[in-house]
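Coordinates in review
So you can see what is in the structure, the chains are spelled out below.
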Amino acid sequence: MGGVAVDVDAGGVKAPDGGWGWVVLAGCFVITGFSYAFPKAVSVFFKELIREFGVGYSDTAWISSILLAMLYGTGPLCSVLVNRFGCRPVMMVGGIFASLGMILASFSTSIIHIYLSTGVITGLGLALNFQPSLIMLNRYFNEKRPLANGLSAAGSPVALCCLSPLGQVLQYQYGWRGGFLILGGILLNCCVCGALMKPLVAPKTPIAKELGQDNDKDGEEKMKKKPKAKLLDFSVFKDCGFVIYTVAASIMVLGLFVPPVFVVSYAKELGNEDTKSALLLTILGFIDIFARPTCGVIAGLKWVRPRCVYLFSFALIFNGTTDLIGSQAKDYASLVVFCIFFGISYGMVGALQFEVLMAIVGTEKFPSAIGLVLLMEAIAVLVGPPGAGRLLDATKNYMCVFLLAGSEVVLSALVLAICNFLFIRNKPPDKLESITVTEDAKAETAGSKPAEVSDEEEKGAREEQEKETKKELKEEEDERDKEEEARPKSATVDSQEVERFLKEPQPNGSMATSPETCL
């Protein structure tokens with residue numbers, strides 16, 4: 001119950017920027033690692049599945065594709081569930097689904113069963129963990145949010161470096177069925193991470209403390225009378241910044257994931273050994289681990305944070321240019337250099353993509369915004385890598401694949417930067433700056449009314465709430481005063497009547513001398 005209430009009104013609670021937030025960050029680190037690394041880690045079992053079911057590599061590749069499609073495509077569903085039930089219960093149920101899918105897959109008798117169990121059920125479970133974890137991270141961090149996003153995003157390369165070797169060991173020791181069963185048990189840790197997502201509770205004001213339990217009951221009645229929040233807020237599409245971001249992110253996803261998929265095959269095409277070629281992904285992942293937190297620190301700097309959208313555009317241009325130059329690689333050494341620079345740029349993009357979205361839409365609309373963005377990206381994920389594969393089949397040239405991927409990423413950067421400069425820069429209440437601006441910058445821009453519209457509305461709402469609370473407190477005090485005034489008054493009347501009765505002559509002609517005689 002508390003989780004649902006706080007999820008609806010979480011915008012009114014100040015982000016602690018620490019405390020239990022670091023525990024939430026640790027949970028987000030694990031969830032991000034599982035969500036992004038797991039679709040790649042299961043590819044270790046593909047050869048065994050091909051041998052077991054007599055299918056082709058393209059058939060087994062659908063497992064990872066379905067996983068990613070569920071992770072991205074169920075975004076709106078996750079938004080609705082979070083707004084209805086809260087982050088913690090959704091994540092714990094998602095952890096059960098993720099584990100159940102892998103356990104059921106270990107008993108599969110055909111590749112279709114694995115599509116449904118690992119692809120659909122486990123993919124849905126990971127989606128129900130990934131999106132709520134980002135929402136909770138956004139609620140617990142504000143000033144330190146860029147750093148928190150960078151550290152959380154680092155879970156992806158760390159988990160990839162751990163899960164891929166673990167999958168190989170499990171396959172060697174227990175076969176693919178035993179490996180799937182053990183991985184299903186490991187995914188139960190998503191439930192533990194979900195349990196860590198403690199809802200934020202607004203601290204009681206001194207006035208509220210004076211009111212005590214009566215005020216708490218009144219507050220509960222008011223909460224019941226409040227209109228229910230929208231399960232999926234489509235009003236975010238009225239925000240020009242959100243529309244620009246969504247278009248740019250969809251174009252970006254078309255080419256962003258292509259190089260990691262094809263770089264190993266590219267190295268083998270140049271005549272390198274399998275183990276030597278696979279080492280390229282290890283190099284890329286190792287660089288990625290350090291690039292994400294470092295970029296988070298840079299994005300949190302005082303003069304960078306209000307302009308993080310342009311830093312994100314630079315990261316995309318850096319990544320796309322790396323693809324374009326890497327397409328000309330002719331030997332292993334040049335591919336190593338490509339992986340180093342790609343790891344840096346890929347880490348920057350991973351650390352900034354959700355930070356920019358949080359800055360654009362704010363905490364209140366973020367649950368709906370991220371669901372809609374992931375749905376749009378899901379379409380691009382299903383088109384990008386398969387489209388690059390078809391281009392490779394047609395041209396038999398990896399250079400064309402890398403050129404296409406780089407061009408798409410650079411195009412997304414240009415769309416984001418140019419449209420943001422033209423349509424957002426002169427917008428009266430600049431949402432991006434009003435959300436990402438630091439306390440010092442707020443003091444400097446205090447004289448500008450358009451930039452402080454949202455702050456004034458929040459302050460006005462809080463002042464009205466305080467006035468209502470004070471009014472209720474005053475009414476209660478007035479009632480108590482009236483009762484106290486009424487009690488002494490009645491007491492004096494009674495004493496006066498007794499005195500008068502004592503002085504009056506009695507029927508027998510005598511005077512009453514004591515109250516007992518009156519009785």
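Residues numbered from 1 in each chain as written. Predicted model: local features only at pLDDT ≥ 70, side-chain atom pairs only at ≥ 80, totals over all residues. Heavy atoms only, no water.

The name an unreviewed UniProt entry assigns to the protein chain is Solute carrier family 16 member 3b, from the organism Amphiprion percula. In its Subcellular location (unreviewed entry) section, the UniProt entry covering the protein chain states "Basolateral cell membrane". One UniProt comment on the protein chain, placed under Sequence similarities (unreviewed entry), says "Belongs to the major facilitator superfamily. Monocarboxylate porter (TC 2.A.1.13) family." (UniProt positions renumbered as here; feature names shortened; annotations may be inferred.)

Glancing now at the overall build of the protein chain. Counting its regular elements, the protein chain contains 21 helices and zero strands. Looking at the protein chain residue by residue over its 519 residues, the buried ones come to 47%. (Helix = DSSP H or I, 4+ residues; strand = E, 2+ residues; numbered from the N terminus. Buried < 20%, exposed > 50% of the residue type's maximum accessible area, 1.4 Å probe, protein only.)

Another aspect to go through is the pattern of salt bridges. The tally for this structure, following the rule as stated, stands at six salt bridges. With its nearest N and O atoms 2.9 Å apart, the salt bridge here joins Arg-51 to Glu-48. Residue Arg-51 and its partner Glu-48 are both found in helix α3 (residues 46-53); the two are separated by three residues, about one turn of the helix. Taking the relative accessible area as the measure of exposure, Arg-51 reaches 60% and is therefore exposed. Residue Glu-48 is classed as partly exposed on the basis of its relative accessible area, which comes to 25%. Among the ionic pairs, Glu-355 bridges to Arg-145, the shortest N-O distance being 3.1 Å. (Salt bridge = Lys/Arg side-chain N within 4 Å of Asp/Glu carboxyl O.)

Among the nonpolar cores identified, the biggest contains 122 residues, and Phe-242, Phe-312 and Leu-357 are the most heavily contacted of them. The biggest single contributor to this core is helix α16 (residues 332-395), with 28 residues. If you count residues domain by domain, this core takes at least three from each of domain 1 (15-200) and domain 2 (233-428). Not counting chain neighbours up to four residues away, the residues in contact with Leu-357 comprise Phe-242, Tyr-245, Gly-362, Phe-366, Ala-369, Ile-370 and Val-373. (Core = buried A, V, L, I, M, F, W, Y, C linked by side-chain atoms within 4.5 Å. Domains from an automatic or database assignment. Contact = heavy atoms within 4.5 Å.)

What follows is about helix α13 (residues 258-269). If you check α13, its first and last C-alpha atoms are 16 Å apart, about what twelve residues at 1.5 Å a residue would give, namely 16 Å. Those residues of α13 not exposed but buried are Val-258, Pro-259, Pro-260, Phe-262, Val-263, Val-264, Tyr-266 and Ala-267. Against α12 (240-256), α14 (274-299), α15 (308-326), α16 and α17 (398-424) lie the buried residues of α13. Gly-271, located one to two residues past α13, shows a positive phi value of around 100°. (Expected span 1.5 Å × (residues − 1).)

In this section: the environment of Leu-391. Within the secondary structure layout, Leu-391 lies in helix α16. Residue class for Leu-391 comes out partly exposed when judged on its relative accessible area of 26%. For the pair Leu-391 and Leu-404, spaced 13 residues apart in the sequence, the C-alpha separation amounts to 9.2 Å. In contact with Leu-391, other than residues within four places in its own chain, are Lys-396, Cys-400, Val-401 and Leu-404.

Take the side chain of Ser-99 next. In this structure, Ser-99 sits in helix α6 (residues 87-105). Each residue touching Ser-99, except ones within four places of it in the same chain, is listed here: Gly-184, Gly-185, Leu-187 and Leu-188.

Counting through the fold element by element, Thr-322 comes out in helix α15. In sequence terms Thr-322 and Gly-343 are 21 residues apart; their C-alpha atoms lie 9.9 Å from each other.

Here we take up a negative patch on the surface. A contiguous patch of negative charge on the surface is contributed by Glu-475, Glu-477, Asp-478 and Glu-479. Relative to the helices and strands, Glu-477 is located in helix α20 (residues 453-503). Residue classification places Glu-477 among the partly exposed positions, given a relative accessible area of 38%. (Patch = residues over 30% accessible without salt bridge, like charges linked within 9 Å, V, L, I, M, F, W, Y side chains within 5 Å. Areas by Shrake-Rupley, 256 points an atom, 1.4 Å probe, with all protein chains shown as cover. Lys, Arg positive; Asp, Glu negative; His and termini not counted. Charge placed at Lys NZ, Arg CZ, Asp CG, Glu CD.)

The grouping of Tyr-310, Ile-317, Leu-414, Ile-418, Phe-421, Leu-422 and Phe-423 at the surface amounts to a nonpolar patch, some 650 Å² of accessible area in total. Looking at the nonpolar patch, the elements with two or more residues in it are α15 and α17. Examining the composition of the nonpolar patch, we find that five residues originate from one element, α17, more than from any other. Mapped onto the elements, Ile-317 comes out in helix α15. For Ile-317, a relative accessible area of 34% puts it in the partly exposed group.

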